Structures are given as structure tokens and as C-alpha cells.
Amino acid sequence: MSHFEATNRYIKKAAGVLELSQRIEDHLIAPEREVAVQVSTTLDNGQVATYRGFRVQHKNVRGPFKGGLRYHPTVDMDDARTLASLMTWKTAVLDVPYGGGKGGIDCDPGDLSEGEQERLTRKFIQKIHEIIGPQTDIPAPDVNTGPQVMAWIMDEYAKFHGFAPAVVTGKPVHLSGSLGRDAATGRGVSIATREYFRRLGEELAGKRFVVQGFGNVGAHLARLFHEAGARVVGVADGSGALRDDRGLDVPALIAHRAEHGTVKGFAADELARDEILYLPCDVLVPAALGNVITADNAGDIRAGLIVEAANAPVTPEAHDHLEGRGVHVLPDILANAGGVTVSYFEWVQNIQQFRWTEEQVNAQLEDMMQRACGKVFDIAKERDVDFRTAAFIVGLGRVAQAMVTRGIQ
Amino acid sequence: MPTGKTLSAEGLGELTLFAALTDAHRRELADLCSAMPLGEGEPVVREGEASRDLFLLTEGSVRVSTGSGAQAQELAVIQPEAVIGELSLILGEPRSATVSAIGPASLVRVDGEGLRARQAAGDPAALQLAWQILAKLAARQAAMNRELLSLSQPTTTAGDEVSRLRDKLFAEWSF
């Protein structure tokens, strides 16, 4: 099942609970605009390279389109369309005033020098600058794009429209970026997990966590779990996996990875990378790629709760299997929404031309994540549905409310 | 099938199906009619059953359903004055659905085989009753035609659909 089909399955389930007609559902699923452009640039060796660039603008009834730009050979219109749709629901779940967008270029940045990436980025913005803007569509970092790419986007956009840092988020902190943006997704995951246990009258302290993926998101959330008194009993990155049932020394592991570029070699038991998913634990956090928990391996999961820090790490079949045996899943559109929420704060700061402290950013993130979790957990309980369905209900419901209030001509 | 006492001609006169008949015709038909009281859940007819009796619901309500267990599907809930079983009476086919009492209910059972025999013999009272049954069927057909017509045309404008959704979203949900 493709990502697109999986997303539509979740949307259909939520639309069924909301009793939306097929016509309304069709209207909500369809993107507002899909743009494909040719992006050609000269490489350092003088050759011409041509790529395809995409931007899908899904829905903007609640605010400007918002979503990442990824640089990856698999980027295509279907992918962008699905991810743009997810951003519409995610921003609605968090109640940030945005719609959904997504896009990217089908290049492999591993094959490109920094200069080539810069030229490619600028060329892309030359092609799409008319459809983005601080009140129109606000790109952000995604797979293989980071603060530097965002800075080039801001600069290229300024050539056409003047200084407007709010056109893009995820910028470097010294260039109209926001403090706290770096840790935002991990922090949001930790807040969502804590709120889940708080509802049960429990706390993070003493719980056993396994974190699959130790990049920006995984490392930050492992640190936050560790600081909250939880035991991180397993971590994995692209190169290997570690376990320590007494709890890993997370700060030391982060320092080790910063120094060596891998978790391997750290003083803990090593195990096969995939085995990390099957460790007994209270919470399993897939924080790397999609589709890691499938119908084939869901039966081997020994966690009590799965928190989707990555996008779509649990397939729909696996999700149903897990929920069927009482393993709850905190869905991506709630759990990993801290990133877009702090992107929103960055945009607000750019428009205000006033920088918040990191404490202010974190306090506002805490407040918005708490409210979103509370609403999703309430709907799940009231309507007797799983958390993913509840999150899609909140997302679809808020978008539908905005849509019918603004009116459809 | 539980059956009760035979009804009087006066009793039959209170039923809409017999109201247009003469007293003489009602007296002639009275021996085909009997009262049938039912308790909650008791069946009037069962799907697939071979029977040609006709039933008139006088009190209570009955549920019409097909299938059983997980496949059971409720088709309708019928209120008093309704005629039940006319398809089997006329077509001679097994019952197309199960009909059972929702709570205590009262019905009048008309002996289908007896009625058919009298109609076949050209009995005027039986033919008069057949005409009344035909009138019921014709009324049902007319209602069905209207329903089909409404289904074949757009029933609402987009504005109506959006208004209904708005009302529902804000009345039934808190996001």
C-alpha cells in the first residue's frame, strides 16, 4: 500500500465517523494546486543537469500553505500530494493557522556539491517564487534540506519581493531563525508521550524507551526522556543498534555520536539494527523512516505504546494489528507536530520582527502540544476510536468547519 | 402460528381494508379472519416460509428484516393499519422477509388459502377485498414511483449540503 493510499484510508475512516458525504470528502482530499517545474543548472564540471521540482498546495482555508521541501530522487507529484495533505491535517490538529503544502526536487544531494545545491535551490525558487510568500505558502526544511537551503530560499525570494524572512521557516538562528527549532520535533514527541501517561496517572520517570533513529529528532527526544527520568534501553541509527536494560547514558551517547558519526563503539551491548524494534519496553519510538512496522513484524513488537516520531513508520495493517491487541499508537500527525509548531513560532517572530527567548518558545510549544493532545485524547475516548482516527477527526473537522464557514462558491 | 378467535363483522368494519365493504360482505368474510395477539419478539411470518395468509396490524409495531445473525438487516418498522403478506398471497411465493413484533402487538390474520379459493370461485365479497388489497398495493407503488423520481434528480443544491454540514459540525462536535 502506498503512502497515498494509507493516508486516504485514515482520512476515509475519520470522514466516516464525522459522517461527511462523499462529495465533501472528495473536496477535502483534492489539492488546491499542483505545480511541476523543470529545474536545470550547470554542474561544477560544466555539464547541464535537469531535475523536476514540485510544489503541491493542498488546502489553505485555515491559513497559508505550509510544509517542507525535500531533495530526494524519489520525490514526485504523488509523494508531494500525500505529504501536503498530511500537513493540512497536522496543522489543524495543532491548531496552527496554516494549511498543507509539500514539495521538493528529485535530486540526490549526496551527488551535488554545496555550490551545485545552492544554484539548484535558487533556480527552483526562480520558478516558484510567484506561488510562495509569507501569506501564501511557506516552505520549510525536510529530507536532505536544512537551515542553509532555507537561507538560500529566503535570499532568492528577496530578490523578487524584497526582504521577507517569513517566506520560509527553519532558517539559521542567526538569520531570522527561531531558538528551539532544532529540538522542537523531539520536544513535541516527549510532550505527547508524557501527556499520554499523565492521562493514565503515570509519568515518564522509570519507563523503558526504545528509540529507533538517532538523528536530530531521535537524539533530542532520547535526551528529553533521559532528563525526565526515563530509561532509554535501546537506540539504533543507520549504522547499528545498542541496548542497555539499565538505561543508556544518553548525553554521553550523543557526544559519542557527534564525535564518531555513529552509535557503534559506545560502551553498551550491540545488536542487529532491526532487532531494536523487538526489545521489550514501555514505549517504542520509531524516529527514522516510514514503513518500519508492517503486518510482517507487528506481531513481534513487545512495546506497550508506539509513538510515531517519524512520518508513517507504522503501516495501516500493522496499526490495526497493534491496536487489536491493545498496543496504542500515538500518530505522527499529533506526536511529531512540534516541528511545524515551532516553524509557526518562527514565522510569528519574523512578522513581529521580535525574537522570543528559547524559554518562551518551549513554553508556547508545551501549551499548544498539551491542548492538541488533550483534544485528541478526549475525542478518542468520547467516540471510542483509536488515537490516529481521533487525530484525523480533529484535523478534518477543523478544516471542514473553516471551509463551511468561509463558504464554497 | 398463534391464532385467536374469529372476528365479528362489526370488528372488521373498523379496519380500513374492510371499511369500504358492505356489511353483508364483511359477514361473509368474517370466518376467514381471526385475531392474533403477539408478545414481544414473536414472529408474524418468517423469511422463506411457505404461507399465503394476510395480516393487518391493528396495534403495536412490527419489524421487517431479512437474513439472520451478523447478516441480519432491518428493512422497515411498520405501524398500525399496515397490510403484511400481500406479496405471498398474490404471487404464491415464500415469505421475502421476517416480520416480528417489537413489543406487544395485535394483528388480524386473514386465511390466505380460503380467500384465494373464494376469489377463484368468483365470490363477490372475496373479490371486493381483493380490490382493496390492490388499492393498497397501488398506493405503495405510487409512493415508490415518487421516491424513485426524487432519487433520480439532484435533491439538494451545494448550498444545502454545506449548510447541513455546518449545522452538524458545530452542533455535534467540539474540536
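Summarised in this report is the structure supplied together with it. Chains are numbered independently. Their residues run from 1 in the order of the written sequence. Both sets of labels track the order of writing: A upward for chains, 1 upward for ligands. Local features in this predicted model are restricted to residues of pLDDT 70 or higher, and side-chain atom pairs are both shown and tallied only at a pLDDT of 80 or more, whereas totals for entire chains, interfaces and linings draw on every residue. Excluding hydrogens and water, the side-chain values take into account all heavy atoms of the structure.

Residue and element names in this part refer to chain A. Using a 1.4 Å probe on the protein chains alone, a residue whose accessible area is under 20% of its type maximum counts as buried, one over 50% counts as exposed, and one in between counts as partly exposed. Segments assigned H or I by DSSP are reported as helices when at least four residues long, segments assigned E as strands when at least two residues long, and all are numbered from the N terminus. In terms of burial, strand S4 (residues 99-105) is largely enclosed, as seven of its seven residues are buried. Burial of S4 is two-sided: the residues Gly 99, Gly 101, Gly 103 and Ile 105 facing one way and the residues Gly 100, Lys 102 and Gly 104 facing the other way are all buried. Note on pairing: DSSP must find at least two bridges between two strands before they are called paired. Sheet topology places strand S2 (residues 48-59) next to S4; six bridges connect them, and they run antiparallel. If you follow Val 56 over to S4, its bridge partner there is Lys 102. Where strand S3 (residues 65-71) meets S4, five bridges bridge the pair, whose relative direction is parallel. Within S4, the residue paired with Leu 69 across the bridge is Gly 103. When the strands point away from the viewer and the connection leading from the first strand across the helix to the second strand turns clockwise, the crossover is called right-handed. As for the winding sense of the linkage, the β-α-β connection from S3 through helix H3 (residues 77-93) to S4 is right-handed.

Let's shift gears to a nonpolar patch on the surface. All names here are of chain B. Judged by side-chain polarity, Leu 87, Ile 90 and Leu 91 come together as a nonpolar surface patch covering roughly 280 Å² of accessible area. Along the polypeptide, Ile 90 turns up in helix H4 (residues 86-91). On the basis of relative accessibility, which here comes to 39%, the residue Ile 90 falls in the partly exposed class. Only residues above 30% relative accessible area that lack a salt bridge enter a patch, with like-charged residues linked at up to 9 Å and the nonpolar side chains Val, Leu, Ile, Met, Phe, Trp and Tyr linked at up to 5 Å. For the area figures, the Shrake-Rupley method with a 1.4 Å probe applies, and any residue is considered shielded solely by the protein chains shown. Each salt bridge in this description consists of a side-chain nitrogen of Lys or Arg and a carboxyl oxygen of Asp or Glu lying within 4 Å of one another.

It is worth spelling out the pairing of strand S7 (residues 98-101) of chain B at this point. Residues and elements named next belong to chain B. Burial along S7 is two-sided: Thr 98 and Ser 100 facing one way and Val 99 and Ala 101 facing the other are all buried. Bridge count between strand S2 (residues 43-45) and S7: two bridges; the pairing is antiparallel. Following the sheet pairing, Val 45 is matched in S7 by Val 99.

Backbone hydrogen bonds hold the strands of a sheet together, and the pairing may be parallel or antiparallel. All names here are of chain A. A sheet is described by the order of its strands in space; here five strands give the open sequence S1-S2-S4-S3-S5, paired in mixed fashion. With one partner strand each, in any of the chains shown, strand S1 (33-42) and strand S5 (137-141) form the two edges of the open sheet. Adjacent strand axes in the sheet meet at a mean angle of 20°, parallel and antiparallel pairs treated alike. Against the sheet, H3 touches S1, S2, S3 and S4, its axis set at about 150° to S4. We call two residues in contact whenever any of their non-hydrogen atoms come within 4.5 Å of each other. Note on method: axes are straight lines fitted to C-alpha atoms, helices fitted across the in-contact stretch only, with angles between N-to-C directions ranging 0 to 180 degrees. Helix H4 (residues 114-128) contacts S1, S2, S3 and S4 of the sheet and is inclined by roughly 140° relative to S1.

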